[in-house]
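If you want the building blocks of each chain, they are given just below.
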Amino acid sequence: MSQATSGRRIAEQGDISWRWVNTGLLGAFVSLLLLIPSGYKSVPLAALMLALAGAMLRRDPMKEAWQRLDREDRLWLLSLIAFSGLWCLDAARSSVFSGVKPDNEMMPLWSLLTAGLMMWWRRYPPSRLGLWIGLVVGGVGVGVIALYERFMLGAYRADNGMNAIPFGNLSLLLGVLALVAMLGRVDRPISSWSLLTPALGLSAVAGLAASFLSGTRGGWVAVPLLAWMSYGAFSPFLSRRRLLQMAGGGWLLVVALVAMTAFTDYGVIQRVERAIDDVRDYVIEGDGGSSVGLRLEMWQAGGRMFMEKPLLGWGDEGLKEARDMMVNLGLLHPGAIRHDQLHSDLVDTAARRGLLGVLVLLAFYGMPAVLFARHLRCSRDIQARALALSGLLIVTAFIGFGLTQSMLRDVRGLSGYLGLSMACWVLLKARQAEMGRTPNVGTGAVALYDEAFK
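This report concerns the structure included in the present document.

### As for the packing of aromatic side chains
Okay, step 1: Enumeration according to the criterion identifies 14 aromatic pairs in this entry.
Okay, step 2: On the basis of an interplanar angle of 35° and a centroid distance of 6.4 Å, the ring pair of Trp 18 and Tyr 124 is categorised as tilted. Here the residue Trp 18 occupies a position in helix 1 (residues 3–32), and Tyr 124 occupies one in the loop between helix 5 (110–123) and helix 6 (128–152), the gap between them amounting to 106 residues.
Okay, step 3: Judged by its relative accessible area of 17%, Trp 18 falls in the buried class.
Okay, step 4: The exposure class of Tyr 124 is buried, given its relative accessible area of 1%.
Okay, step 5: The rings of Phe 83, Trp 87, Phe 364, Tyr 365, Phe 398, Phe 401 and Tyr 417 are connected pair by pair, giving a single aromatic cluster.

Written as structure tokens, this is what we have:
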């Protein structure tokens with residue numbers, strides 16, 4: 001064996017080792033995001049540390065990573081850097097960086113760190129198996145937790161010890177992503193991983209049930225749109241009989257979820273009815289103390305703040321001062337003081353960072369949405385379409401979640417958006433590279449890896 005061949009074989013073994021590591025990290029992140037208190041940060045931190053160690057062990061690591069990126073990657077990186085940079089500037093003018101506060105956990109830097117991790121994962125992309133197993137464990141896990149809390153402990157709302165809104169929204173998202181992954185595998189032949197397809201279906205049901213039992217109503221506004229997008233993506237690949245079966249299964253699932261909450265006195269249906277009553281009371285009686293009434297109060301307050309400082313906004317600390325001043329003047333319900341955000345990503349961003357912040361937020365959402373939509377429209381491979389659809393659903397879902405809750409200011413919300421969308425993008429690009437590769441190019445461990453997980 002020549003020295004050049006031996007060097008290539010060693011390099012291939014190193015590549016496959018890092019891909020295995022990143023596959024495990026991806027599976028752990030999706031699995032533990034909602035299951036353990038520190039899951040949203042412990043796995044990303046481990047991934048960053050390993051990426052840094054790997055980059056230091058290789059010669060010209062940044063050059064190799066940058067050369068692997070294309071124009072689409074760089075546009076996405078630009079949106080991440082802009083979002084993080086503006087938040088850091090806002091934090092600096094609000095003196096947030098004068099001391100590390102335990103409640104923000106350096107969140108302004110997260111998008112920047114995600115950009116660095118994306119470069120590394122584009123160099124050593126994980127396998128789709130990591131995402132699939134993570135969705136199974138994470139979706140089934142939140143379903144079991146929700147059932148236990150509601151029916152065994154008699155909890156008011158299932159939440160796994162966190163805010164019930166992010167728990168319900170992210171559980172819903174895990175369920176939807178598991179459903180998409182299952183649909184992307186329906187045309188696969190029977191193999192050693194055949195049990196993974198029904199396991200993803202079970203995870204989809206469990207995730208949706210967890211969201212329903214959490215009583216979270218805002219996220220379900222996006223469900224019809226997500227269902228329509230999924231139908232449009234997979235209808236060319238599925239027979240009419242299979243589509244009818246899916247539609248029937250969907251209706252049975254809805255009936256089962258509604259029946260599930262009939263055993264308790266609280267759920268999405270009851271909260272929707274209460275929301276209607278809250279809106280009526282706010283419009284007729286001016287009651288701003290209810291759940292919906294207080295949101296409407298804060299949205300109006302955010303609009304006033306934006307009109308007063310439209311360009312750069314009030315900043316993190318300035319928003320709190322403006323909010324307290326409005327409460328003291330009787331322009332805002334006193335209940336708003338209990339909240340550190342205005343329960344809408346768009347309204348909250350406009351008040352904090354003005355028009356510039358709104359433009360950066362639109363790019364933060366819009367850039368990945370446009371890229372995923374482009375690949376969804378052009379791809380004819382069902383696996384690539386499933387990944388592109390998953391990424392587009394993540395962005396769409398977070399836009400819907402953000403209408404009534406500042407999900408990007410929640411630690412699990414921001415971590416979930418960054419991690420899940422970035423993972424889908426890396427997997428999508430890797431799948432496209434795999435489809436474009438000529439047969440028998442891979443050898444040794446790389447060939448075995450691709451054959452096992454394609």
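Picking up where we left off.
### Quick look at the side chain of Ser 406
Okay, step 1: Relative to the helices and strands, Ser 406 resides in the loop between helix 15 (382–401) and helix 16 (411–436).
Okay, step 2: Within the local environment of Ser 406, its side chain forms a polar contact with the backbone nitrogen of Ser 344, the two atoms lying 3.3 Å apart.
Okay, step 3: Residues in contact with Ser 406, not counting those within four places in the same chain, are Gln 341, Leu 342, His 343, Ser 344, Asp 345 and Asp 348.

### Considering the side chain of Ser 379
Okay, step 1: Counting through the fold element by element, Ser 379 comes out in the loop between helix 14 (345–378) and helix 15.
Okay, step 2: A polar side-chain atom of Ser 379 sits 3.3 Å from the main-chain amide nitrogen of Asp 381.
Okay, step 3: In contact with Ser 379, not counting residues within four places along its chain, are Ala 384 and Arg 385.

### Here we look at the packing of helix 15 against helix 16
Okay, step 1: Following both chains from N to C, one finds helix 15 and helix 16 inclined at 160°, their axes separated by 9 Å at the closest point. Of the possible angle classes, the one that applies to helix 15 and helix 16 is roughly antiparallel. Like other packed secondary-structure pairs, helix 15 and helix 16 cross with a definite hand, here left-handed. Mapping the contact onto sequence places Gln 383, Ala 384, Leu 387, Ala 388, Ser 390, Gly 391, Ile 394, Val 395 and Phe 398 in helix 15 and Gly 413, Gly 416, Tyr 417, Leu 420, Ser 421, Cys 424, Leu 427, Leu 428 and Arg 431 in helix 16.
Okay, step 2: Of the residues assigned to the contact of helix 15 with helix 16, the class counts are 11 nonpolar, 6 polar and 1 charged.

Cut-offs and rules
- Residue numbers here run from 1 along each chain, matching the order of that chain's written sequence.
- The predicted nature of this model means local features are confined to residues of pLDDT at least 70 and side-chain atom pairs, given and counted, to a pLDDT of 80 or more, with totals for whole chains, interfaces and linings taken over all residues.
- Remark: hydrogens and water are excluded; side-chain values derive from all non-hydrogen atoms of the structure.
- Only Phe, Tyr and Trp rings are paired, with Trp represented by its six-membered ring, and only when their centres lie within 6.5 Å; those with planes under 30 degrees apart are stacked, over 60 edge-to-face, the remainder tilted.
- A run of DSSP states H or I qualifies as a helix once it reaches four residues; a run of E qualifies as a strand once it reaches two. Both are numbered from the N-terminal end.
- Relative accessibility thresholds used throughout: buried, under 20% of the residue-type maximum; exposed, over 50%; partly exposed, between the two (1.4 Å probe, protein chains only).
- Residues adjacent in sequence count toward polar contacts only when both atoms are side-chain atoms; beyond that, a polar contact is any pair of N or O atoms within 3.5 Å, and within protein one must be able to donate a hydrogen and the other to accept it.
- Contacts are assigned to residue pairs that have any heavy atoms within 4.5 Å of one another.
- Angles run from 0 to 180 degrees between N-to-C directions of axes, and those axes are lines fitted to C-alpha atoms, restricted for helices to the stretch in contact.
- Note on angle classes: values under 35 degrees are labelled roughly parallel, values over 145 roughly antiparallel, values of 65 to 115 roughly perpendicular, and the remainder oblique.
- Two helices cross in a left-handed way if the nearer one is turned anticlockwise from the farther one by less than a right angle. They cross in a right-handed way if the turn is clockwise.
- Gly is put with the polar residues, along with every residue not named as nonpolar or charged; the nonpolar set is Ala, Val, Leu, Ile, Met, Phe, Trp, Tyr, Cys and Pro, and the charged set is Asp, Glu, Lys and Arg.

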